[in-house]
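Topology and contacts: notes
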Amino acid sequence: MEQPQDESNIQQELHLIRNDQGELANVMWRALAGLLVLTASCGVYLLRQDMLLSKQAAVQRPMVGEAIKRNEELLAVAAEFQKYGAGHADYATNVLNRFGLKPLAPTNSTPGR
């Protein structure tokens, strides 16, 4: 006589397990959907940032070219000061050291010739 009651308990437990499984599946699908939305949002954000930075870089390219040319001219002048410092120790210790420059040994060739 106890068999029908055991079967009804088993049926109820099976029904509860199936309900739990369905709820878990719903939670997993919602988590997956949320993850997809989050991933898409991050992708759109990064794409927009890339486009904005590309535009800024394109605007700054000509200015960077000019700055590089000016720096090359300044570095050429700095090299002349370093060559001068090789022959004048007081200039090398007082001026060049202040700017972190080392005196350069003079070369035998004359500049521009």
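Residues numbered from 1 in each chain as written. Predicted model: local features only at pLDDT ≥ 70, side-chain atom pairs only at ≥ 80, totals over all residues. Heavy atoms only, no water.

Here we come to the overall build of the chain. The helix and strand inventory of the chain stands at 2 helices and 0 strands. The buried share among the 113 residues of the chain stands at 6%. As displayed, the chain has an accessible area near 10400 Å², and 62% of this comes from carbon and sulfur atoms. (Helix = DSSP H or I, 4+ residues; strand = E, 2+ residues; numbered from the N terminus. Buried < 20%, exposed > 50% of the residue type's maximum accessible area, 1.4 Å probe, protein only. Areas by Shrake-Rupley, 256 points an atom, 1.4 Å probe, with all protein chains shown as cover.)

Looking at where histidine 88 falls in the secondary structure, it is placed in the loop between helix H1 (2-87) and helix H2 (89-96). Judged by its relative accessible area of 34%, histidine 88 falls in the partly exposed class. Residues histidine 88 and proline 103, 15 residues apart in the sequence, show an inter-C-alpha distance of 9.1 Å.

Within this structure, the stated rule accounts for 1 aromatic pair. Note on tyrosine 84 and tyrosine 91: the rings are 5.0 Å apart at their centroids and 80° apart in plane angle, and the pair reads as edge-to-face. On the basis of relative accessibility, which here comes to 44%, the residue tyrosine 84 falls in the partly exposed class. (Phe/Tyr/Trp six-rings, centres within 6.5 Å; stacked < 30°, edge-to-face > 60°.)

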